[in-house]
Amino acid sequence: MDLYSRRIVGWSVSSKNNIELVSQALRGAILLRGKESLQGLIHHSDRGSTYAAHKYERLLGRFGIRTSMSAKGNCYDNASMESFYGRYKSASLRGRVFTGEEEARANAFEYIEIFYNRFRKHASLGYKSPIEFEEKNLPPMRGSITASLTACSNNN
């Protein structure tokens with residue numbers, strides 16, 4: 001999640017919670033935003049083993065991305081993502097059992113790319129969606145609606 005615009009810029013779906021899962025999401029975000037936009041970027045996460053792994057930290061370092069992690073046992077440090085996950089679960093997953101990874105991926109795609117990034121209004125953004133907010137407040141960059149769809153389909 002880009003905390004400035006609340007846009008989900010990188011995501012991935014897998015049957016395994018491992019380094020490859022979070023690496024795919026990161027690569028999707030980089031593909032969407034472009035390498036030139038990474039100057040000064042800080043990647044904040046919880047203290048999960050996937051984010052703390054040396055392999056993942058090296059990947060971040062390769063792109064010049066600095067790391068930041070939540071304090072131990074403090075879920076409030078990552079409140080924006082925790083809020084996103086809670087809304088996703090209650091709006092899209094409640095009691096649902098997927099037949100496979102492809103069905104789970106299609107569900108995530110629909111929620112993130114069709115609903116959340118384009119239509120979900122945020123009070124903190126002046127009641128605009130993340131993409132509306134970016135279009136009004138950010139200079140043109142590689143990221144666009146088309147790039148977003150390409151990034152997630154290429155990485156998932």
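Throughout what follows, the structure given in this document is the object of discussion. Every chain begins its residue count from 1, and numbering advances along the sequence as written. For this predicted model, a pLDDT threshold of at least 70 governs which residues receive local features, and a threshold of 80 or more governs which side-chain atom pairs are given and counted, while totals over whole chains, interfaces and linings are taken from all residues. Excluded from the side-chain calculation are hydrogens and water; included are all heavy atoms of the structure.

**What about the overall build of the protein?**
Summing up its helical and strand segments, the protein has seven helices and two strands in all. In this text, helices come from DSSP runs of H or I with a minimum length of four residues, and strands from runs of E with a minimum of two, each type numbered from the N-terminal end. Counting from the amino terminus, the protein carries its helices and strands in the arrangement α-β-α-α-β-α-α-α-α. Buried residues in the protein amount to 37% of all 156 residues. In the structure as shown, the protein presents an accessible area of about 9300 Å², 53% of it carried by carbon and sulfur atoms. Relative accessibility under 20% of the residue-type maximum defines a buried residue, over 50% an exposed one, and the middle range a partly exposed one, all with a 1.4 Å probe and only protein chains included. Using the Shrake-Rupley algorithm and a 1.4 Å probe, accessible areas are obtained, with residue cover drawn only from the displayed protein chains.

**Description of the nonpolar core**
Ile-8, Trp-11, Val-13, Met-81, Phe-84, Tyr-88, Ala-104, Ala-108, Tyr-111, Ile-112 and Tyr-116 form the largest nonpolar core, which has eleven residues in total. A per-element tally of this core places helix α5 (residues 101-119) first, with five residues. In what follows, a contact means two residues having at least one pair of non-hydrogen atoms within 4.5 Å. Residues contacting Tyr-88, with those up to four places away along its chain left out, are Leu-93, Ala-104, Asn-107, Ala-108 and Tyr-111. Formed by eight residues, the second largest nonpolar core is a distinct cluster that contains Ile-30, Leu-59, Leu-60 and Ile-65. Here the nonpolar core consists of buried residues drawn from Ala, Val, Leu, Ile, Met, Phe, Trp, Tyr and Cys, with membership extended through side-chain atoms lying within 4.5 Å.

**Re the packing of aromatic side chains**
By convention, a stacked pair of Phe, Tyr or Trp rings (six-membered ring in the case of Trp) has centres within 6.5 Å and planes under 30 degrees apart, an edge-to-face pair has planes over 60 apart, and any other such pair is tilted. Under the criterion given, the structure shown has nine aromatic pairs. Here Phe-84 and Tyr-116 contribute two aromatic rings whose centre-to-centre distance is 4.9 Å and whose plane-to-plane angle is 80 degrees, an arrangement assigned as edge-to-face. Separated by 32 residues along the polypeptide, Phe-84 in helix α4 (residues 79-93) and Tyr-116 in helix α5 bring together distant segments of the chain. Between the aromatic rings of Tyr-88 and Tyr-111, the centroid separation amounts to 5.0 Å while the plane-to-plane angle is 50 degrees, which identifies the pairing as tilted. A residue pair is termed long-range when its members are at least 10 positions apart, and Tyr-88 in helix α4 and Tyr-111 in helix α5 qualify at 23 residues.

**Considerations on the pairing of strand β1 (residues 42-45)**
Burial along β1 is one-sided: His-43 and Ser-45 are buried, while Ile-42 and His-44, pointing the other way, are not. Pairing between β1 and strand β2 (residues 66-69): four bridges, direction parallel. Across the sheet, the residue bridging to His-44 is Ser-68, located in β2. Any two strands are treated as partners once DSSP identifies two or more bridges connecting them.

**Some points on the packing of α4 against α5**
For helices, the axis comes from a line fit to the C-alpha atoms of the stretch in contact; other axes are also lines fit to C-alpha atoms, and the angle between any two N-to-C directions lies between 0 and 180 degrees. The interhelical angle for the contact between α4 and α5, taken along N-to-C directions, is 115 degrees, at an axis separation of 11 Å. Our classification of the angle between α4 and α5 gives roughly perpendicular. The chirality of how α4 crosses α5 is right-handed. Every residue of α5 that contacts α4 at Phe-84, Arg-87, Tyr-88, Ala-91, Ser-92 and Leu-93 is listed here: Ala-104, Asn-107, Ala-108, Tyr-111, Ile-112 and Tyr-116. Working rule for angles: under 35 degrees goes down as roughly parallel, over 145 as roughly antiparallel, 65 to 115 as roughly perpendicular, anything else as oblique. Should the near helix be turned anticlockwise from the far one by less than a right angle, the crossing is termed left-handed; should it be turned clockwise, right-handed.

**Points about the packing of helix α1 (residues 19-33) against helix α3 (residues 54-62)**
α3 packs onto α1 with a crossing angle of 15 degrees between their chain directions and a minimal axis gap of 10 Å. Comparing their axes, α3 and α1 come out roughly parallel. α3 is crossed by α1, and the crossing has right-handed handedness. Counted together, Ile-19, Val-22, Ser-23, Leu-26 and Arg-27 of α1 and Lys-55, Tyr-56, Leu-59 and Leu-60 of α3 form the full contact between these two elements.

**Observations regarding the pattern of salt bridges**
Note on definitions: salt bridges are taken to be side-chain nitrogens of Lys or Arg within 4 Å of carboxyl oxygens of Asp or Glu. Applying the stated criterion across every chain, the model contains nine salt bridges. As a salt-bridge pair, Arg-105 and Glu-102 come within 2.7 Å of each other at their nearest N and O atoms. Taken as a pair, Arg-105 and Glu-102 lie in helix α5 at a separation of three residues, close to a single helical turn. Given a relative accessible area of 11%, Arg-105 falls into the buried group. On the basis of relative accessible area, Glu-102 is assigned to the exposed category, the value being 58%.

In short, shape yes, function no, at least from these values alone.
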